[in-house]
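# Notes for the structure review
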Amino acid sequence: MRARALVKSCGIDAAPVDITKFLAAANAELQYSDRLGSGTAGMTIPLGERNLILINEHEAIERQRFTALHEIAHILLDLPSRHDQDVDSGGMFSYVRRPPEEIACDTFAAECLLPHSLLQQDLGDAVAGFEFVSRLADKYQASLACTASRVAINAPFACAYVLSQDGFVRFSTSSPAMRASKFFVTSRIQVPAASITGQCLKAGLRTGSGQVAAHLWTSTDDFEDVDLMEDVRFSGVWNQALTLLWIEDGDLPDLRGQRSIDDRAAEEPLLRELDGVLPWPGRGRRS
Ligand SMILES: [Zn+2]
C-alpha cells in the first residue's frame with residue numbers, strides 16, 4: 001500500500017514507469033558502476049540528507065530498473081539492507097534463503113515497476129500464458145519473472161505464478177479469483193515430477209506447456225478432479241523455472257460476483273497457508 005501511495009504521489013501514469021520520479025521522492029540520485037561484484041546488483045550510500053544509489057552497470061536494463069526501485073524501498077521503508085546474505089545465497093535475484101526485509105523491498109519495487117493502476121488497464125484484454133506476459137514485460141521494461149508475478153496478482157481470471165529454483169518451489173503469487181477459491185501453491189515443495197515444469201526439468205527443455213491435474217500443485221483433495229493449464233519458461237540464471245498456472249475455461253461464476261473478497265485478496269499479495277476450506281464452485285472440473 002505504501003508503494004501504491006508512492007506511485008500516486010509521484011504522478012506515475014504511463015509505462016514504462018519513470019524511475020527519476022521515484023528517485024526524487026527518495027531524495028536519491030543514481031550512478032551506474034562497473035566496480036560492483038557480479039553478486040551485487042546495487043547498493044545505497046547515504047550522503048547526509050541525500051542518497052547515492054549505485055547500480056551494477058553490467059546488469060540488464062530491466063534488472064537495473066528493479067534494483068533502483070528496490071534500493072528506493074530500503075530508503076523509504078527504512079529497512080536495513082541485508083545484501084551480504086544475498087551474496088552468500090547467490091545474489092539479489094536468487095530466492096534461496098532470501099531475508100524478509102529483502103522480500104519486502106522486492107514487493108515494493110515490483111509494485112512501483114508494474115503499478116496496479118496501470119496493470120488494470122493492460123489486463124483488461126489479458127490472455128493467460130507467457131506470450132502475453134512477455135509483451136507486457138517489454139512494455140514495462142521489467143523482467144519476465146517480475147512481470148509474471150505481477151500479472152498473476154492482478155489478473156481478472158483464475159491464475160497463479162510459481163517461481164522454482166533448483167527444482168523446489170520458492171515463491172508464488174495468485175490472482176484474486178484463485179485466492180478466493182483457496183487454491184494455494186504449497187511452498188518449499190519439490191517441483192511435482194508429473195507437472196509440465198517437472199517434465200521439462202527432467203528432459204532439459206527450456207519451455208513447455210500443457211494441461212495437468214491441479215492436485216499436482218496443491219495438496220488439497222478438493223482439487224483432485226480439476227485441470228489446470230501450465231506454461232513454463234526456464235531462466236538460464238540460478239536454475240530458475242517460471243511457471244504460470246490457470247483454469248482453462250476461466251469462468252468461475254460463483255467467484256466473479258464476489259468483488260469484496262477480490263478486493264480484500266488484492267491487498268494480500270503474499271500467500272497464506274492452506275486452511276483446508278475449499279468452496280470450489282463445481283465448474284472447470286475434469287469429466
Ligand atoms: Zn535489498
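Above: the structure in question.
Residues numbered from 1 in each chain as written. Predicted model: local features only at pLDDT ≥ 70, side-chain atom pairs only at ≥ 80, totals over all residues. Heavy atoms only, no water.

### Regarding helix α7 (residues 130-140)
Structural remark: α-helix, 3.6 residues per turn; residues separated by three or four positions point the same way. Turning to α7, its buried residues number three or more, namely F130, F132, V133, L136, A137 and Y140. Taken around the axis of α7, the buried residues stretch over an arc of 150°, which confines them to a single face. Facing away from the buried surface of α7 by more than 90 degrees, the exposed residues are E131 and D138. Lining the buried residues of α7 we find α3 (61-77), α5 (100-113), α6 (116-122), α8 (144-154), β7 (227-235) and β8 (240-246). Looking at the residues trailing α7, positive phi occurs at Q141, about 50°. (Buried < 20%, exposed > 50% of the residue type's maximum accessible area, 1.4 Å probe, protein only. Helix = DSSP H or I, 4+ residues; strand = E, 2+ residues; numbered from the N terminus. Arc of directions from axis to C-beta. Contact = heavy atoms within 4.5 Å.)

### Thoughts on the environment of I53
If you trace the backbone, I53 turns up in strand β3 (residues 50-56). Distance in space between the C-alpha atoms of I53 and E29 is 6.0 Å, their sequence separation being 24 residues. Excluding its chain neighbours within four sequence positions, the residues that come into contact with I53 are L23, A28, E29, L30, Q31, M43, T44, A68, E71, I72 and I75.

### A word on the sheet that holds strand β1 (residues 28-33)
With mixed pairing, three strands are arranged side by side in an open sheet as β1-β3-β2. Two strands bound the open sheet, and with one partner strand each, they are β1 and β2 (42-47). Put simply, the sheet's adjacent strands are angled 25° from each other on average, direction ignored. Examined bridge by bridge, β1 and β3 share six bridges and lie parallel to one another. The partner of L30 across the bridge, within β3, is I53. α3 rests against β1, β2 and β3 of the sheet, and its axis sits at about 150° to β3. (Pairing = 2+ DSSP bridges. Axes fitted to C-alpha atoms, helices over the stretch in contact; angles between N-to-C directions.)

### Here we look at the nonpolar core
Of all hydrophobic cores here, the largest spans 49 residues; its most connected members are F22, L69, C112, L113 and Y161. Top contributing element to this core by residue count: α5, with six residues. Split by domain, this core shows at least three residues from each of two domains, domain 1 (2-112) and domain 2 (153-266). Leaving out residues up to four positions away in the same chain, C112 has contacts with A3, L6, V7, V17, F22 and L69. Counting residues in hydrophobic clusters, the runner-up holds 22 residues, among them F183, W217, F223 and L245. (Core = buried A, V, L, I, M, F, W, Y, C linked by side-chain atoms within 4.5 Å. Domains from an automatic or database assignment.)

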